[in-house]
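# Report on the structure
Chain by chain, the residues run as shown.
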Amino acid sequence: MAILSLKGTPINSKGELPKVGDNAPDFELAAADLSNKTLNDYKGHKVIMNIFHSIDTGTCAASVRAFNKQASALENTKILCISKDLPFAMSRFCGAEGIDNVETLSDFRDGNFGEAYNLTYIDGPIRGLLARAIIILDENGKIIYTQQVQSVTEEPNYNEALEALRS
C-alpha cells in the first residue's frame, strides 16, 4: 500500500508503482471515441502517462494543461492523460480548453489499469479513483521514470519528469 493524503487526511492506494527498469504492465483503456487502446498501440514511441483522479478538479486540470503545453516540443512522444472519468467528460474539457496535444484515456470500464499499476485508491472519500502519478516509458515499453504524488492537491514535478524523458 502507498500512503497518500487528501487535505491532510491519510488515504491509501493499492500499492507501490511499478519499478523503473521493469516492463510496463499491459492495459486496455477507452479512448475519446470509445475504442480500446492497449500498451501495444504506443510501441515505438516514448510515453508520458499523466495519471489523475478527475479532470474536473483544479490540480488534475492543471496537469493536463501543463503537459499539453509541453507536448509540441517533445519528439516521438505520446502524452496519455489517464483517469476514470468518462471519455465524454475528458473530451468536453479538452475541447473547451483548446487542448489537442495529449490523448485522454479512461479506466472506467473495468479498472484494470489502476489495478495493474497499483494506483487505485482503496479507502477514503475518493476510493475507487486513480492516484496522481507520472510514469514514463521508453519506446519499448520499459519504465524509465515514476513519480507518485503524495498529496492529492499537489501537482507533479513537471520539470523532473521532462528531464527524465530527455536523458
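Shown above is the structure to which this text applies.
The structure reproduced in this document is the subject of the present report. Per-chain numbering applies: the sequence of each chain, read as written, is numbered from 1 onward. A pLDDT threshold of at least 70 governs which residues receive local features in this predicted model, and a stricter bar of 80 or more applies before side-chain atom pairs are shown or counted, although totals over entire chains, interfaces and linings include all residues. Each side-chain value is worked out from all heavy atoms of the structure, with water and hydrogens disregarded.

### Considerations on the pairing of strand β3 (residues 28–31)
Two strands form a pair only when DSSP identifies at least two bridges running between them. Starting at the N terminus, helices and strands are each numbered in turn, a helix being any DSSP run of H or I of at least four residues and a strand any DSSP run of E of at least two. Alignment of β3 against strand β4 (residues 36–38), held across three bridges, turns out to be antiparallel. The residue bridging E28 from the neighbouring strand is T38, located in β4. What sits between β3 and β4 in their antiparallel hairpin is a turn of four residues, with L34 showing a positive phi close to 70°.

### Some thoughts on the environment of I126
Inspection of the secondary structure assignment puts I126 in the loop between α3 (112–116) and β8 (133–137). Sequence separation between I126 and A61 is 65 residues; the distance between their C-alpha atoms is 17 Å.

### With respect to the pairing of strand β6 (residues 77–83)
Looking along a regular strand, one sees side chains alternate from face to face of the sheet. Across the seven residues that make up β6, a large majority, six, are buried. For strand β5 (residues 46–51) and β6, the ladder comprises six bridges, and the chain directions are parallel. Directly across from M49, in β6, lies its bridge partner L80. Across four bridges, the pairing between β6 and strand β7 (residues 103–106) is parallel. We call a residue buried when its accessible area falls under 20% of the maximum for its residue type, exposed when it is over 50%, and partly exposed in between, using a 1.4 Å probe and counting protein chains only.

### What about the sheet that holds β6?
Hydrogen bonds along the backbone pair up the strands of a sheet, which may run parallel or antiparallel. Read from one edge to the other, the open sheet built from seven strands follows the order β4-β3-β7-β6-β5-β8-β9, with strand pairing classed as mixed. Bordering the open sheet on either side are β4 and β9 (143–148), each of which pairs with just one other strand. Strand after strand, the sheet turns through a mean of 30° between neighbouring axes, direction not considered. The sheet strands contacting helix α2 (residues 87–97) are β3, β6 and β7, and the helix crosses β7 at an angle near 160°. We call two residues in contact whenever any of their non-hydrogen atoms come within 4.5 Å of each other. Convention adopted: a line fitted to C-alpha atoms gives each axis, helices being fitted over their contacting stretch, and angles between N-to-C directions are expressed from 0 to 180 degrees. Against the sheet, helix α4 (residues 158–166) touches β5, β6, β8 and β9, its axis set at about 175° to β9.

### Overview of unusual backbone geometry
Glycine aside, residues mostly have negative phi, and peptide bonds are mostly found in the trans state. The residue L34 is not glycine, and still its phi comes out positive at about 70°. Structurally, L34 can be placed in the loop between β3 and β4. Phi angles above zero are rare outside glycine, and N76 is one such case at about 50°. As for its placement among the helices and strands, N76 is situated in the loop between α1 (58–71) and β6. A relative accessible area of 36% means that N76 is categorised as partly exposed.

### Focus on the environment of T59
Here T59 is to be found in helix α1. Relative accessible area serves as the criterion here: at 17%, T59 is assigned to the buried category. The spatial distance from the C-alpha of T59 to the C-alpha of P156 is 9.3 Å, given a sequence separation of 97 residues. Once residues lying within four places of it in the same chain are set aside, the contact partners of T59 are R132, V152, T153, E154 and E155.

### Here's the deal with the side chain of T120
Residue placement: T120 occurs in the loop between α3 and β8. The exposure class of T120 is buried, given its relative accessible area of 7%. In terms of polar contacts, T120 uses its side chain to reach the backbone carbonyl oxygen of G114, at 3.5 Å. Those residues in contact with T120 that sit more than four places away from it in its chain are N12, S13, K14, K84, G114, E115, G128, L129 and L130. We call two N or O atoms a polar contact when they sit within 3.5 Å, provided that within protein one can donate a hydrogen and the other can accept it, with sequence-adjacent residues counted only if both atoms are side-chain atoms.

### Re the nonpolar core
Formed by 27 residues in total, the largest nonpolar core has its most connected members in F27, M49, I51, I82, F113, L119 and I135. Mapped by element, the contributors of at least two residues to this core are β3, β5, β6 and β8. With sequence-adjacent residues up to four places away left out, I82 is seen in contact with L29, M49, N50, I51, F52, L105, F113 and L130. Here, the term nonpolar core denotes a set of buried Ala, Val, Leu, Ile, Met, Phe, Trp, Tyr and Cys residues that are joined through side-chain atoms within 4.5 Å.

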